[in-house]
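These are the residues of each chain, in order.
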Amino acid sequence: MKRKHITTLLACLGMTAVLQTAYAGNITDINVSSLPDEQKIIKIRFDRDVVLPSGFISGTPTRIALDFADTRILLPQSVLEYADPLLNQITAAQNSNRARIVLGLNKTAQYTAEIRDEEVWVYISETADQNTASVSPPENTPYRPAETAHIDFRKGSGGSGIVELDISGFDGTPDIKEQRDRVIITLNNHAMPTQAQRSLDVGDFNTPVRNITLKRMGNATRLTILNNGLWEMKTRSAAGRYSFEIRPKSAEAFTDGTNSLTAKSFKGRKLSLDFQNIEVRTILQILAKESGMNIIASDSVGGKMTLSLKDVPWDQALDLVMQARNLDMRRQGNIINIAPREELLAKDKAFLQAEKEIAELGPLYSQTFQLKYKNVEEFRKILRLDERSSNSSSGGNRNTLLSPRGSALIDSGTNTLIVTDTRSVIEKFRKLIDELDVAARQVMVEARIVEAEDGFSRDLGLKFGYSGNRSGGNTAWGSTWNGGTALGSSPNINLPVAAATSSVALVRSLSSGALGLELSASEAQKKTKTISNPRVLTQDRQEASIESGQEIPYQESSSSGATSVTFKKAVLGLTVTPNITPDGQIIMNVKINRDTPVACQTDGVQTLCISTKNLTTQAMVEDGGTLIIGGIYEESSGNSINKVPLLGDIPVIGNLFKSRARSEERKELLVFITPRIMDGQGNNLRY
């Protein structure tokens, strides 16, 4: 019985050895990646012993079959579906000791394969000619790697750079694309080995060529020639060898009718001309037929020319003819009028002179414009009505929309502008008023003037100076949003610990609500005291101010000895001018002053003086954000003595019956300014 179990065990071991010998490796995974030009890479992973497949292509429907000898399939699923314009399905099947991978395609395509580490990479690209049936090689046709490519560079005559590309084995036509700073040559369906890739730095040759890169792109090979400056390229080819000559090109300048040098671009259909001693009018007739334009030549256009042009845009050829014969053109739609330059300039001058005479002698019209939003008095400055009479009498220059015969009246009662002038001037006024007479946007400016303890500003700066993360459990006020994503609030509050003359900081709109809660909580804890909370609504670019305080009387004496009482303001005031930028930000010009009456002596007389503190700044704040101004400190100190009557006044011994106390208090004035843009239509004010 024991001998029977040993025989069975030896048989199993023998079968296992046979299976390991029969199968070289196993396919464990298949991944698909995309490349430019609608190419695909199918990456087939092995656990060991990678083998290169043999395959064939079949049509209707198009499929690529890849056979891997001595290979087993160990995939989670045998069919993989894809929603792709080129690849729609991958099917894996086992046949004896051979594994087959079938690629289902939506278009006619071809493939190449190579081994990369523990994977086989299969490159699939669409066949250039979709109407050509694919050729199916016989089954088990071995994979043949693509021919290699070689590049070389040398300097040519005239400072040109010559790039030579040897692509023996490539029977197609390179795809050449010229861009502003580079030339891209693509060899479709010609995959060079990866180790043959090259990158040459040829900037030291002093040619327009700076860098040459030969790189494999999936199932294609791409040559990129990087240039600088102005250049042009000439291509030659012979027996699988291409030569690209990059020549420097000087900037072309042309002179137009206004005698200014301007660069011209030509986009007409290219043509070739080769004539000797031909009439200019005949050349214009040929260009009219080639371009499809209607060309009308003046009777004074004449002369003969000799032309030899090859592949030149028709509009450039026309420009060359006009320059050679001192001609110019005026184009209206598809009609081109050609005449000598002096003749056209004389016609233009006569036309403008006629328009001027019509404006001077033509009828005048009156138009009434009632403004909706603007004050009509603002147009007095625009029209310079106050200066017009003095300029006309003194012969000075006029800077107004009105013509010399025109006039304008302003009726402030009805906010109306009455213009009497030519039809063209009135039309200009209509367009101007349509652009200027619009509703101005409004800004609500809220200010909180807070008197805080010395330590409060430091704590506030720390709370708003760091970004938090809700998921980490350390969330700073106003620095995070729902979902745990930290939102950067920089720049945030950065109030100094030591005393300073001023400190300005910003808080984003997301954090302004948290800032209000922080101030309310600090006031409840007796750390701060809100001195004033003014709000003012003003239009864009209009100054707004608010004051709170008192007026202090003082006497003034005149030279005759008479005295009079004059009042001086001692107020807490805020003046702000908002400016809304096109991107929704608000630029604010802010001026804050705080005047405090204090007792003082002048010439031995007890009187009141004004202790003033002011700050002027300009800052840009987002809508709903907060501008924080701090650094204005106040310090107060005092001494107090508590004693027992009589006993506390005894020298030396009296110290036993009294106590002394000294107090010091330091406070800072903080100003929080929050602007909000009002849209004017059902807007809810937010505080």
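Residues numbered from 1 in each chain as written. Predicted model: local features only at pLDDT ≥ 70, side-chain atom pairs only at ≥ 80, totals over all residues. Heavy atoms only, no water.

Moving on, we get to helix 7 (residues 423-436). A rise of 1.5 Å per residue sets the reference length of helix 7, with its 14 residues, at 20 Å; its end C-alpha atoms lie 20 Å apart and thus fit the reference within 8%. Where helix 7 is buried, its residues meet strand 27 (365-370), helix 5 (378-383) and strand 29 (416-421). (Helix = DSSP H or I, 4+ residues; strand = E, 2+ residues; numbered from the N terminus. Expected span 1.5 Å × (residues − 1). Contact = heavy atoms within 4.5 Å.)

Quick look at the confidence of the model for the protein now. Across the protein, the average pLDDT comes to 75, with 75% of residues at or above 70. Counting interchain partners and residues more than four positions distant, the pLDDT-below-50 stretch residues 9-14 has 0 contacts. Ignoring residues within four places in sequence, the model shows residues 389-397, a span with pLDDT below 50, making 2 contacts including any to other chains. (pLDDT = per-residue confidence, 0-100.)

The next thing to look at is the packing of aromatic side chains. The tally for this structure, following the rule as stated, stands at 4 aromatic pairs. With a centroid separation of 5.2 Å and 75 degrees between ring planes, the pair formed by Phe153 and Phe205 is classed as edge-to-face. In this pair, Phe153 is assigned in strand 11 (residues 150-155) and Phe205 in the loop between strand 15 (198-201) and strand 16 (209-217), connecting sequence segments 52 residues apart. A relative accessible area of 11% means that Phe153 is categorised as buried. (Phe/Tyr/Trp six-rings, centres within 6.5 Å; stacked < 30°, edge-to-face > 60°. Buried < 20%, exposed > 50% of the residue type's maximum accessible area, 1.4 Å probe, protein only.)

Turning next to the pattern of salt bridges. Considering all chains together, one arrives at 26 salt bridges under this definition. For Glu245, the salt bridge goes to Arg247, with nearest N and O atoms at 3.3 Å. (Salt bridge = Lys/Arg side-chain N within 4 Å of Asp/Glu carboxyl O.)

Spatially, the 4 strands line up as an open sheet ordered 34-35-36-37, and their pairing is antiparallel. In this open sheet, the two edge strands, each paired with only one partner strand, are strand 34 (544-557) and strand 37 (605-622). Ignoring strand direction, the axes of neighbouring strands in this sheet form an average angle of 15 degrees. The pairing of strand 36 (residues 585-602) with strand 37 spans 18 bridges and is antiparallel. Residue pairing in the sheet places Pro597 in a bridge with Ile610 of strand 37. (Pairing = 2+ DSSP bridges. Axes fitted to C-alpha atoms, helices over the stretch in contact; angles between N-to-C directions.)

This next bit is on the state of the cysteines. Scanning all chains against the criterion turns up 1 disulfide. The disulfide partner of Cys600 is Cys609, and the gap between their sulfur atoms is 1.7 Å. Between Cys600 and Cys609, the S-S torsion sits near 70 degrees, and that sign places the bridge as right-handed. Note on Cys609: relative accessible area 26%, which makes it partly exposed. (Disulfide = S-S within 2.5 Å.)

We now examine the sheet that holds strand 13 (residues 175-178). Here we have 5 strands laid out as an open sheet, ordered 13-14-17-16-15, and antiparallel in their pairing. Two strands lie at the open edges of the sheet, namely strand 13 and strand 15, each paired on one side alone. Going from strand to strand, the sheet's axes swing by 10 degrees on average, the running direction of each strand aside. Pairing between strand 13 and strand 14 (residues 182-187): 4 bridges, direction antiparallel. Within strand 14, the residue paired with Lys177 across the bridge is Ile184.

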